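# Descriptive structure summary
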Amino acid sequence: MGKSTFPGGIHTYDGKNLSKDKPTRVLLPKGNLVFPLVQHIGAPAKPIVAKGDKVLVGQKIAEAGGFISANIISSVSGTVKEIEKRLTVQGNMVESIVIENDNEYQTIEGFGKERDYTKLTKDEIRNIVKEAGIVGLGGAGFPTHVKLTPKDDSKIDYVIVNGAECEPYLTSDYRMMLEEPEAIIGGLKIMLQLFEKAKGIIAVEDNKPDAIQKLRELTAKESRIEVRSLKTKYPQGGERQLVYAVTGRKLNSKKLPSDVGCVVDNVDTVISIYMAVARSTPLIRRIVTVTGDAVKTPQNFNVAIGIDYGELIEAAGGFIERPEKIISGGPMMGTAIYSTNVPVTKITSAITAFLHDQAAVEESPCIRCGKCVQKCPLQLMPYQLAALSNRSDEEGFTKLDGLECCGCGCCSYVCPAKRSLSQSIMHMRSVVMAKKKKA
Ligand code: SF4
Ligand code: SF4
């Protein structure tokens, strides 16, 4: 097998035509902004403002609650209205800072100031990234300063920019590659300053030839940077699949990319690194795709973190008719939501709304066709794992490597009996993982 792809995986209808050719639109919030204190992996952030305080754009309003945690920065100027529990995308009530926007967008001193990053030390770069509250914007929300601090910098051979964007319907990373390629390259150069021996690779699926061409033109004279074209296949953007496709190195659930000499960050995270380090602008915005056949005018928005999902849907013209299903994220790995009155957080990538719920088709018994096994990118046995999960057989599930499942959804997608394999497996996985944590 070559190195430009990985075993298994699927080709889906990608729905990207709905929004891929529309330039990203800046959308200013109308209502109050809500900042949940949990919008990253790790300890919740701790508020450092109180009700009634005035805040500015770029001001830290909550600080990291531990090493694996992240600061939260205000995206508007205004007044802290409440600190109280608010509903989030995951359906939980989470302690949140609510800010009333004064619509003046007054910034803290030094906000947006250009900085010559080539003169910064490694510690200075890492500290700026940490202070800026940057987390992995590909969906996982892992604090970026931690990722940029492996045990030994000299062991990192590759810094990989994940531009695969293989989840169907999503086009925000694609738009960024066309609209802000200089910031991506700048962010990568900053990361390469941390890892002197590493090579930088911008990895893009071959269904985005214009983005590949543009990035190649701009990096033609960069000896440490290569733009790699990858086979279009889902889940090419999964960290394990991407690392394997680019380097041939294998990861499992117990290994971090740095254990195999790699640091991986998605396109928008790399732009955020550039904005923080070279432009003194912390993480206060997200690029969000609003799409699906239920949306009147699908497109990408550049929005303040904290804005309400309902405002974004309204800005995209609202719904053609009442959607059957609304997903935060893409259709393969996103979360179905039941209220649009939830805030955009650092890990919001898209709102996808469908008129018909494909997943609502009734399940039938497994016919042992083996398609789920063939397509699993991690070479697992999905039909057996789902059966073990349904029987609550934790031991059997663990023995059969159920904890390795990354929840990509390929198995459910190809199953002719429409079995919810991925959901059953991921449910069991979270049960076993939670018990392991407690032990
Ligand atoms: S959801 Fe898990 S079991 Fe199913 S294809 Fe993906 S990795 Fe394999
Ligand atoms: S794809 Fe569906 S029907 Fe085929 S073996 Fe897997 S679970 Fe059974």
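Counting from 1, residues in each chain are numbered in the order their sequence is written. By the order in which they are written, chains take letters starting at A while ligands take numbers starting at 1. For this predicted model, a pLDDT threshold of at least 70 governs which residues receive local features, and a threshold of 80 or more governs which side-chain atom pairs are given and counted, while totals over whole chains, interfaces and linings are taken from all residues. Derived side-chain values reflect all non-hydrogen atoms in the structure, with water molecules and hydrogen atoms excluded from consideration.

## Points about the packing of aromatic side chains
Operational definition: To pair, rings of Phe, Tyr and Trp, with the six-membered ring standing in for Trp, must have centres within 6.5 Å; the planes then decide the type, stacked if under 30 degrees apart, edge-to-face if over 60, and tilted in the middle. Every helix listed is a DSSP run of H or I at least four residues long, and every strand listed is a run of E at least two residues long, numbered separately from the N terminus. Note on exposure labels: buried denotes an accessible area under 20% of the residue type's maximum, exposed denotes more than 50%, and partly exposed covers the range between, all computed with a 1.4 Å probe on protein chains only.
Tallying each qualifying case throughout the model produces 2 aromatic pairs. Ring geometry for tyrosine 13 and tyrosine 169: centres 6.0 Å apart, planes at 80 degrees, overall edge-to-face. Residue tyrosine 13 is found in the segment before β1 (25–27), and its partner tyrosine 169 is found in the loop between β9 (158–163) and α3 (172–179); the two are separated by 156 residues along the sequence. Judged by its relative accessible area of 57%, tyrosine 13 falls in the exposed class. Residue class for tyrosine 169 comes out buried when judged on its relative accessible area of 12%. A centroid spacing of 5.1 Å and a plane angle of 75 degrees characterise the contact between tyrosine 169 and phenylalanine 354, whose relative ring orientation is edge-to-face.

## Considering the sheet that holds strand β13 (residues 285–291)
This is how the line gets drawn: A pair of strands is treated as paired once DSSP finds two or more bridges between them.
Pairing within the open sheet is mixed, and its 6 strands lie in the order β1-β14-β13-β17-β15-β16. Pairing within the sheet leaves two strands with one partner each, and these edge strands are β1 and β16 (335–336). Where strand β15 (residues 325–328) meets strand β17 (residues 350–354), 4 bridges bridge the pair, whose relative direction is antiparallel. If you follow isoleucine 326 over to β17, its bridge partner there is alanine 353.

## Quick word on the nonpolar core
Note the cut-off: Within this scheme, the nonpolar core is defined by two criteria: the residues are buried Ala, Val, Leu, Ile, Met, Phe, Trp, Tyr or Cys, and they are joined through side-chain atoms within 4.5 Å. What counts as a domain boundary in this text is fixed by an automatic or database domain assignment. Any two residues whose heavy atoms approach within 4.5 Å at even a single point are treated as in contact.
Ile97, Ile202, Val277 and Leu312 are the most contacted members of the largest nonpolar core, which has 82 residues in total. When residues of this core are sorted by domain, at least three fall in each of domain 1 (16–20 + 111–279) and domain 2 (26–108 + 287–354). Contact partners of isoleucine 202, with chain neighbours within four places excluded, come to Val161, Ile184, Ile185, Leu188, Leu215, Ile225, Glu226, Val227 and Arg228. Membership of the second largest hydrophobic core comes to 17 residues, among which are Cys372, Leu385, Phe397 and Met428.

## Some points on the sheet that holds strand β3 (residues 46–47)
By way of backbone hydrogen bonds, the strands of a sheet pair with one another, either parallel or antiparallel. Taken in spatial order, the 3 strands line up as β3-β5-β6 in an open sheet, and their pairing is antiparallel. With partners counted over all chains shown, the strands left at the sheet margins are β3 and β6 (72–73), one partner each. Sheet analysis places β3 next to strand β5 (residues 60–63), joined by 2 bridges and oriented antiparallel. Following the sheet pairing, proline 47 is matched in β5 by alanine 62.

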